[in-house]
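Reading the structure
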Amino acid sequence: MNSNPKFVYFLSAFLFFVMISQAQEKKETKSFDIKKQLEYCALQASKTLEVIPDNGTFPRSIPTGSKEWKFVDYRDWTSGFWPGELWYLYEATGDKKWEKEADKFSRFLTPLSVSKANDHDLGFQIFNSFGNGYRLTKNPAYKEIILKTADTLATLFNPKVGTILSWPHNKYGGHNTIIDNMMNLELLFWASKNGGSKKLYDIAVKHAETTMKNHFRPDYTSYHVLVYDYETGKKIKGITAQGYSDDSMWARGQAWAIYGFTMVYRETKDPKFLEFAHKLARVYLDKLTTEDLIPYWDFNVPGISNEPKDASAAAIVSSALIELSTYTKDKILKKEYATKSKKMIVSLSEHYQSQDVNSAFLLHSTGHKPAGSEIDCSINYADYYYLEALLRLQKLKK
């Protein structure tokens, strides 16, 4: 061992600093009260219920500096998150009030199950609402709606390409698939195992395999949009819609990927999907340099320290890492996922809650920065995944 007095001094100081930091971290996470955070979410949601118009609309976002929600109808891609939050609150509390409200807002989405598919977001809309509802109540009417919607989503699958068409209204010169679409495969997996066609399972697996092959750069960062030739299925290009550039790592896009492939492993138990989820999580965590573990909206935007954060990406990743940790055999990696996911949740709870600013759960999410839309504001999907992460953490503790 080096006997240089200066070396010994600095080594001792370093080890002391590490011990203090670890002790502080353990103290902070140990004292984290999940029940208190769930009560906070219930309080905020109660405030929102008081201001929702009785016209079948849903709260989507609250602009910076405002206290008022922007409301959308059932066709909006985010419409399933609010009823999903209500179902999670029913799960958290057992209070029939939340079941009643969750049922009411879920049923507003029923037309989606019998309409032509306009885009890939049916999973977000129907599975977050009726899917959670059926999981908690086993209401057969919910199951029927879920199964019908899965069949509707499947109509967007292009077998020549091997993926679901995401945005029929945006041509991009070919068949487009966005990384967000990974999230909607859960609807197909569930339906295939609960009375729906077995072909739905095959479509979901094929979409995941094709996405895994084409949608990522060599370093496992995700493109937002992949454009394919309609007839040959050949990959044309990878581009962005909501990220900084075609070659940048858009924070929420990488979050969708981590969550999506973790879910696909759960549904298939195919180790190739688990291995891929690990790679996607690794690049995200390695590039995440913010002290509070909440990313800026894009990892590669110039002058990043002056850019808005995206709490929604952190909420999605925190929830995904909790699940991924349960499938991880490597003890060091398992601990890293569990520790960092909890630190993300603690950070969101201590520094990003809306409190008296508005009636959402969280502040500082960024929707579509290039379009100047929903920048540094409260957004319903951030709230949904934050609440989901709290519930997953609670179950993990038990």
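Let us look at the structure shown here. (Residues numbered from 1 in each chain as written. Predicted model: local features only at pLDDT ≥ 70, side-chain atom pairs only at ≥ 80, totals over all residues. Heavy atoms only, no water.)

**Here's the deal with the overall build of the protein chain**
The condition is simple: Numbering of helices and strands runs from the N terminus, with a helix taken as a DSSP run of H or I at least four residues long and a strand as a DSSP run of E at least two residues long. Throughout, the radius of gyration refers to the C-alpha atoms, and the reference size of a globule is 2.2 Å times the residue count to the power 0.38. To sort residues, take the accessible area from a 1.4 Å probe on protein chains only and compare it with the maximum for the residue type: under 20% means buried, over 50% means exposed, and anything in between is partly exposed. Whether two residues are in contact is decided by their heavy atoms, any of which lying within 4.5 Å being enough. Here the accessible surface of atoms and residues is derived via Shrake-Rupley with a 1.4 Å probe, and residues count as covered only by protein chains that are part of the display. Positive charges are assigned to Lys and Arg, negative charges to Asp and Glu, while His and the chain termini are left out of the count. To locate a charge, take atom NZ for lysine, CZ for arginine, CG for aspartate or CD for glutamate.
Counting its secondary structure elements, the protein chain contains 13 helices and 8 strands. A compact globule built from 398 residues would reach a C-alpha radius of gyration of about 21 Å, and the protein chain, at 21 Å, matches this within 12%. Split into buried and exposed, the 398 residues of the protein chain put 58% on the buried side. In the protein chain, of all internal contacts separated by at least 6 residues, the share reaching a separation of at least 24 is 66%. Carbon and sulfur atoms make up 54% of the accessible area of the protein chain, which amounts to about 17,600 Å² in all. Each charge class in the protein chain can be summarised by its mean position, and for the 52 positive and 46 negative side chains these summaries are 5 Å apart.

**Some points on the packing of helix 12 (residues 331–351) against helix 13 (residues 380–397)**
The cut-off we apply is this: For helices, the fitted axis covers only the stretch in contact; all axes are lines through C-alpha atoms, and the angles between them, taken along N-to-C directions, range from 0 to 180 degrees. Roughly parallel means an angle under 35 degrees; roughly antiparallel, over 145; roughly perpendicular, 65 to 115; everything else is oblique. Helix crossings fall into two classes, left-handed where the near helix is turned counterclockwise from the far one by less than a right angle and right-handed where it is turned clockwise. Only Asp, Glu, Lys and Arg are considered charged, only Ala, Val, Leu, Ile, Met, Phe, Trp, Tyr, Cys and Pro nonpolar, and every remaining residue, Gly among them, polar.
Relative orientation of the contacting elements helix 12 and helix 13 amounts to 130°, with a least axis distance of 11 Å. By the angle between their axes, helix 12 is oblique relative to helix 13. Handedness of the crossing formed by helix 12 with helix 13: left-handed. For the pair formed by helix 12 and helix 13, the contact residues are Lys342, Ile345, Leu348 and Ser349 on the first element and Tyr386, Ala389, Leu390, Leu393 and Lys397 on the second. For the contact of helix 12 with helix 13, a count of residues per class yields 6 nonpolar, 1 polar and 2 charged.

**Comments concerning the pattern of salt bridges**
In plain terms, the rule: In the sections that follow, a salt bridge refers to a side-chain nitrogen of Lys or Arg positioned within 4 Å of a carboxyl oxygen of Asp or Glu.
A complete count under the given rule lists 25 salt bridges for this structure. A salt bridge links Lys395 to Glu91; its shortest N-O distance comes to 2.8 Å. Residue Lys395 is located in helix 13, and its partner Glu91 is located in helix 3 (residues 81–93); the two are separated by 304 residues in the primary sequence. Here Arg252 and Asp310 are joined by a salt bridge, their closest N and O atoms 3.4 Å apart. Taken together, the residues span a long stretch of sequence, with Arg252 in helix 9 (residues 251–268) and Asp310 in the loop between helix 10 (271–287) and helix 11 (311–326) at a distance of 58 residues. For Arg252, a relative accessible area of 1% puts it in the buried group. By relative accessible area, Asp310 is classed as buried at 0%. One connected set of salt bridges, linked through shared partners, spans Glu186, Lys193, Arg266, Glu267, Glu323, Glu388 and Arg392.

**What to know about the packing of aromatic side chains**
Rules: Pairing of aromatic rings covers Phe, Tyr and Trp, the last counted by its six-membered ring, and requires centre-to-centre distances within 6.5 Å; plane angles under 30 degrees mean stacked, over 60 mean edge-to-face, and any other angle means tilted. Two limits define a charge over a ring: the Lys NZ or Arg CZ must be within 6 Å of the ring centre, and within 35 degrees of the ring normal.
Tallied over the full model, the rule gives 30 aromatic pairs. Seen from their ring centres, Trp82 and Phe105 are 6.1 Å apart, and the 85° between their planes marks the pair as edge-to-face. Highlighted residues: Trp82 in helix 3 and Phe105 in helix 4 (residues 96–107), separated in sequence by 23 residues. For the residue pair Trp82 and Phe105, the accessibility class agrees, reading buried in each case. Through pairs of rings, three or more aromatic residues link up here, namely Trp77, Phe81, Tyr88, Phe124, Trp256, Tyr259, Tyr381, Tyr384 and Tyr385. Looking at Lys138, its charged tip hangs above the ring of Tyr134, at a distance of 5.5 Å from the centre.

**Some points on the nonpolar core**
The condition is simple: As used here, the term nonpolar core means buried Ala, Val, Leu, Ile, Met, Phe, Trp, Tyr and Cys residues forming a set that is joined through side-chain atoms within 4.5 Å.
Counting residues in hydrophobic clusters, the biggest one holds 114 residues, and the most contacted among them are Leu185, Phe261 and Tyr385. Not counting residues within four places of it along the chain, the set of residues in contact with Phe261 comprises Met182, Ala208, Thr211, Met212, Phe216, Phe273, Phe276, Ala277 and Leu280. The next biggest cluster of nonpolar side chains, apart from the first, holds 5 residues, and it includes Ile178, Val225, Val227 and Ile239.

**Some points on helix 5 (residues 122–137)**
This is how the line gets drawn: Helix span, expected: 1.5 Å multiplied by one less than the number of residues in the helix. A residue's bend is given by the angle between axes fitted to the 7 residues ending at it and the 7 residues starting at it.
Spanning 16 residues, helix 5 covers 21 Å between terminal C-alpha atoms, matching the ideal 22 Å at 1.5 Å per step. A maximum bend of about 30° is found in helix 5 at Asn128. Looking at the residues trailing helix 5, positive phi occurs at Lys138, about 60°.

**Notes on the environment of Leu156**
Within the secondary structure, Leu156 sits in the loop between helix 6 (140–154) and strand 3 (157–158). Judged by its relative accessible area of 10%, Leu156 is buried. Taking the C-alpha atoms as reference points, Leu156 and Leu187, 31 residues apart in sequence, are found 14 Å from one another. Among all residues touching Leu156, those that are not within four sequence positions of it are Ala117, Asp119, His120, Thr163, Ile164, Leu165, Pro168 and His175.

**Looking at the pairing of strand 7 (residues 235–239)**
Along any regular strand the residues' side chains alternate between the sheet's two faces. Worth spelling out the cut-off: Pairing between strands requires that DSSP locate at least two bridges from one strand to the other.
Bridge analysis of strand 6 (residues 225–228) against strand 7 gives 4 bridges, and the strand direction is antiparallel. Bridged to Val225 within strand 7 is Ile239. Remark: 6 residues form the turn of the hairpin made by strand 6 and strand 7, two consecutive strands paired antiparallel; Gly233 in that turn has positive phi of roughly 80°.

**Focus: the packing of helix 3 against helix 4**
At a closest axis distance of 8 Å, the pairing of helix 3 and helix 4 adopts a crossing angle of 160°. As far as their axial angle goes, helix 4 and helix 3 are roughly antiparallel. The hand of the helix 3/helix 4 crossing is left-handed. From helix 3, Trp82, Pro83, Leu86, Trp87, Leu89, Tyr90 and Thr93 reach across to helix 4, where they touch Lys96, Trp98, Glu99, Glu101, Ala102, Asp103, Phe105 and Ser106. Among the residues forming the contact of helix 3 with helix 4, the class breakdown is 9 nonpolar, 2 polar and 4 charged.

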